[in-house]
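Now for the letters of each chain:
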Amino acid sequence: MLLSSLAECPRLFWGPDCKELCNCYPNGQCEDVTGQCTCNANRWGPRCENVCLCKHGKCDQKTGKCSCEPNWWGAQCASACYCSLNSQCDQKTGLCICQPGWWGRTCNNQCACSTSPCEQFTGRCQCRSRTFGPRCDRYCQCHMGKCNQVDGTCTCEPGYRGKFCREACPAGFYGQGCRRRCGQCKELQPCTIVDGRCLACEAGWNGTRCDQICSQGFYGEGCEQTCPPCKDGHTCNHINGKCSHCNPGWIGDRCETKCRNGTYGDNCVFVCSSCFNGECHFETGRCLCRAGFHGMFCNLTCPAGHYGANCAQLCDCHEDTCNPFTGMCHMEANQRMGVIGAGVLLVFLLCLLLSLLSCCCICRKKDEARDIRQDLAHKKPSRRLCGQFSQISLKLPRIPLRRQKLPKVVGKHPRHSTVLVTGPSD
C-alpha cells in the first residue's frame, strides 16, 4: 500500500513509495523525492562519507571547505585571531582589517587625520579630495586639478595651467600643461583644450585631431579626392593634388611638361651647356649631336668611316669614304658622269612616253566629239585614226559597187527609230 505524498519517509528510505534505500545514513538524511543527501554538521561529500576537519567552523557539504567562526582563521579554522573590536579578522591570512579611523596591527590606534582615513599599518593620513597636510587639515585651492597631499601644489587637469589651474590653454594648444599644439583645424579654429579634437580639418588632413595627412593616393578636404596619375608612380601633394615630385626633365602639376628653354634635370633648374651642333637632352643635360658631329659639345666632325648622329654609324663604302651627314658614298668622276647620263636618259624617255600618251588621248577625244555630231545628223560615223593612220583609206584601191547585187539589210539605229536600208536601188 502506497504512502500519502504528504507523509515523510523514514530516515532510511526515500522515493514516491519510500522504498528506495538511503545511502547517506547514518551520516546524513536523504531528501524524500530526489534522494539527495543532507549531511550532518561534521560530514561532507556526495554520500556524507567524509569527516569535516574544521575545528571552529562549518564544512561546505560539496567541497569540504571551511567557513570559520569569528576570530578564527586558517584552512581548518584552527588559528585564533588577535584583533580588537575596531577590526575584523581576515579568515585566510589572519590579519586584522581596521575599521575607518583606526590603524595598527591589532587596530588599537586611532587616526589623527581630521575627517580623512589613515594607512592601516603606518597611520599616515590619506587625505580626501580638496585637502592636504600631515593631518589633512588644510584646504586645497586647485580649481581644475589635484593637490599634492604633502605641500598642496596643484597638478592641473589636461587643458588647464597656472599655479591654481585656473587658466585654460591658449588657442592652438591643448593637453597636460598645455604643451601640445593643435592639429590642422579648419580655418584656424581652436581645438578642444582637453584632447585636441577639431570640428573640421583643413584640406589634406584628417583624424580627430587633424594631425594625420591623407593616405597615399588621396588629397583635399576630407581626403575624399583621388590623386591624378603622376609620372612614374610618384604621389601627389596631400593638400592640392599636385605631383610632389617629378622625374628629372619634367615639370608641371602632373609632371607632363618637358624642360624647355635650354634647361634640364630635377625641376628644370639646370641650364644646358653650349651644344654647337646639337641639342641638350632635357633629362641629363648631355648634348645630342646632329648628323655629322660628335664630342661633348658637338663641335667635332665625324672621322673617316663614320656618319650620322654622334657619328655612331659606320660607312659601307669603298675605302670608307662616305658623306658624314647622310652616309652616301663618294664616287669617282667617271662614275658621277655615268650616273648623270643615265638620269638624263631616263628623264627623256619618260617625257617621250608622256607626250605619246597625251597625243593619243587628245585624238580620241576629237573622234568621240565627231561621232556625236554625226549621230545628231543621222549619219553613220566614219572611223578615223590618230596620226599617220587617219589617211590610210586614201591609199587603198577603190572598188565600184553600183553594179553589184548586194542583199538588203534592214535595221534600227540604237539611238533613233529610223529604218536604214542598204543595197542597190531598183
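Residues numbered from 1 in each chain as written. Predicted model: local features only at pLDDT ≥ 70, side-chain atom pairs only at ≥ 80, totals over all residues. Heavy atoms only, no water.

> I would appreciate a short explanation of a nonpolar patch on the surface in the present structure.
A surface patch of nonpolar side chains, about 510 Å² in accessible area, is lined by Leu345, Phe348, Leu349, Leu352 and Leu356. Checked against the element boundaries, Leu349 lands in helix H1 (residues 333–376). (Patch = residues over 30% accessible without salt bridge, like charges linked within 9 Å, V, L, I, M, F, W, Y side chains within 5 Å. Areas by Shrake-Rupley, 256 points an atom, 1.4 Å probe, with all protein chains shown as cover. Salt bridge = Lys/Arg side-chain N within 4 Å of Asp/Glu carboxyl O. Helix = DSSP H or I, 4+ residues; strand = E, 2+ residues; numbered from the N terminus.)

> How do you make sense of the side chain of Thr131 when you look at a structure like this?
With respect to the helices, strands and loops of the structure, Thr131 is situated in strand E15 (residues 131–132). Here the side chain of Thr131 touches Arg128 through a polar contact of 2.7 Å, landing on its backbone oxygen. In this view, Thr131 contacts Ser116, Cys136, Arg138 and Cys140; residues no more than four positions away in its chain are not counted. (Polar contact = N/O pair within 3.5 Å; in protein donor to acceptor, adjacent residues only side chain to side chain. Contact = heavy atoms within 4.5 Å.)

> Is there a simple way to think about unusual backbone geometry in this case?
Peptide bonds are, in most cases, trans, and in most cases residues other than glycine have a negative phi. The backbone phi angle of Ser114 is positive, close to 55 degrees, even though this residue is not glycine. By the element assignment, Ser114 lies in the loop between strand E14 (109–110) and E15. Backbone geometry places Cys255, a non-glycine residue, at a positive phi of 60 degrees. With respect to the helices, strands and loops of the structure, Cys255 is situated in the loop between strand E27 (250–251) and strand E28 (257–258).

> Any chance you could explain the environment of Val150 here in plain terms?
Positionally, Val150 belongs in the loop between strand E17 (145–147) and strand E18 (154–156). For Val150, a relative accessible area of 67% translates into the label exposed. Separated by 14 residues in the primary sequence, Val150 and Cys136 have C-alpha atoms spaced 8.7 Å apart. Contact partners of Val150, with chain neighbours within four places excluded, come to Phe132 and Gly133. (Buried < 20%, exposed > 50% of the residue type's maximum accessible area, 1.4 Å probe, protein only.)

> Help me out: how do you make sense of the state of the cysteines in this one?
By definition, a disulfide links the sulfur atoms of two cysteines through a covalent bond. If you walk through the whole model with that rule in mind, you get 30 disulfides. The disulfide partner of Cys22 is Cys30, and the gap between their sulfur atoms is 1.9 Å. Judged by the torsion about the S-S bond (90 degrees), the Cys22/Cys30 disulfide is right-handed. Since its relative accessible area comes to 5%, Cys30 is described here as buried. A sulfur-sulfur distance of 1.9 Å marks the disulfide that ties Cys98 to Cys107. Negative torsions about the S-S bond denote left-handed disulfides, and the value of about -90 degrees found for Cys98 with Cys107 makes this one left-handed. Exposure class is identical for Cys98 and Cys107. Each is buried. The thiol sulfur of Cys359 is not disulfide-bonded, and the nearest other cysteine sulfur, from Cys363, lies at 4.3 Å. Not engaged in a disulfide, the cysteine Cys360 finds its nearest cysteine sulfur in Cys359; these two sulfurs lie 5.7 Å apart. Owing to a relative accessible area of 48%, Cys360 belongs among the partly exposed residues under this scheme. (Disulfide = S-S within 2.5 Å.)

> Mind showing me how you'd approach the environment of Gly133 here?
Take Gly133: it is sitting in the loop between E15 and strand E16 (138–139). A relative accessible area of 7% means that Gly133 is categorised as buried. Separated by 18 residues in the primary sequence, Gly133 and Asp151 place their C-alpha atoms 6.4 Å from one another. Beyond its immediate stretch of four places on either side in the chain, Gly133 contacts Cys127, Gln149 and Val150.

> Can you help me understand the environment of Tyr160 in this one?
Assignment of secondary structure puts Tyr160 in strand E19 (residues 160–161). Measuring from C-alpha to C-alpha, the distance between Tyr160 and Ile193 comes to 7.7 Å, with 33 residues separating the pair along the chain. The contacts of Tyr160, once residues within four sequence positions are left out, are Met144, Cys165, Glu167, Ala168, Cys169, Gly177, Cys178 and Ile193.

> Just to check I follow, could you spell out the side chain of Ser84 for this structure?
Following the sequence through the fold, Ser84 ends up in the loop between strand E10 (79–80) and strand E11 (87–89). Judged by its relative accessible area of 16%, Ser84 is buried. The residues touching Ser84, leaving out its near neighbours within four places in the chain, are Thr106, Cys107 and Asn108.

> Can you help me understand the UniProt feature "domain: EGF-like" (unreviewed entry) in the chain in this one?
The UniProt feature table records "domain: EGF-like" (unreviewed entry) at residues 37–48, 154–165 and 287–298. From the first C-alpha to the last, residues 154–165 spans 7 Å; its make-up is 0% helix and 42% strand. (UniProt positions renumbered as here; feature names shortened; annotations may be inferred.)

> I tried to follow the nonpolar core on my own but got confused; where do I start?
Soluble globular proteins: nonpolar side chains tend toward being buried together. Counting residues in hydrophobic clusters, the biggest one holds eleven residues: Tyr219, Cys227, Cys230, Cys236, Cys243, Cys246, Trp250, Cys255, Cys259, Cys268 and Phe282. Ignoring any residue separated from it by four or fewer positions in sequence, one finds Cys255 in contact with Lys231, Cys243, His245, Cys246 and Trp250. Membership of the second largest hydrophobic core comes to eight residues, among which are Cys185, Cys198, Trp205 and Cys210. (Core = buried A, V, L, I, M, F, W, Y, C linked by side-chain atoms within 4.5 Å.)

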